[in-house]
Amino acid sequence: MAQRSLTDPHPAENFFMRSDNYALARQGVVAQTVSSFGLHKDYHQPSDELSKIDWAHMTQAIGSMVGPVEWLVNSDFKPAWNEGKKP
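The rules behind the values
- Residues numbered from 1 in each chain as written.
- Predicted model: local features only at pLDDT ≥ 70, side-chain atom pairs only at ≥ 80, totals over all residues.
- Heavy atoms only, no water.
- Helix = DSSP H or I, 4+ residues; strand = E, 2+ residues; numbered from the N terminus.
- Buried < 20%, exposed > 50% of the residue type's maximum accessible area, 1.4 Å probe, protein only.
- Areas by Shrake-Rupley, 256 points an atom, 1.4 Å probe, with all protein chains shown as cover.
- pLDDT = per-residue confidence, 0-100.
- Phe/Tyr/Trp six-rings, centres within 6.5 Å; stacked < 30°, edge-to-face > 60°.

**Re the overall build of the protein**
Point 1. Within the protein, the secondary structure is distributed over 4 helices and 0 strands.
Point 2. Sequence-ordered secondary structure for the protein, helices as α and strands as β, is α-α-α-α.
Point 3. Expressed as a percentage of its 87 residues, the buried residues of the protein come to 7%.
Point 4. Working note: accessible area of the protein is about 7,600 Å², and carbon and sulfur atoms make up 55% of it.

**Focus on the confidence of the model for the protein**
Point 1. With 84% of its residues at a pLDDT of at least 70, the protein reaches an overall mean of 79.
Point 2. Summarising per-element confidence for the protein, the mean pLDDT is lowest in helix α1 (residues 15-18) (78) and highest in helix α4 (residues 66-73) (90).

**With respect to the environment of R26**
Point 1. Mapping R26 onto the fold places it in helix α2 (residues 22-26).
Point 2. Remark: the alpha-carbon pair of R26 and K85, spanning 59 residues in sequence, is separated by 9.6 Å.

**Regarding the packing of aromatic side chains**
Point 1. For the structure on display, the rule yields 1 aromatic pair.
Point 2. When the centroid spacing of 5.6 Å and the interplanar angle of 40° are considered together, the rings of W71 and F77 count as tilted.
Point 3. Residue classification places W71 among the partly exposed positions, given a relative accessible area of 28%.
Point 4. Among the residues examined, F77 registers a relative accessible area of 33% and is labelled partly exposed.

Below you can see the structure in the form of structure tokens.
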């Protein structure tokens, strides 16, 4: 399986910078953000409720990570921080 990186389709929303792992990335810890970018208008609002979750999409998004994680576990690849790069 080839490594793949996608460009943030919503850069103005700063998904990665808002993630919990951003502080670690700033310290040089390898980090990534997994997001479906399929946000509904109530996301993180008081009106955001369990009934608004797209369970089929969530299941597909989680399932899409199984292959890459299995590859990583079964390979000799070791993620490394690229010194001098921004998180």
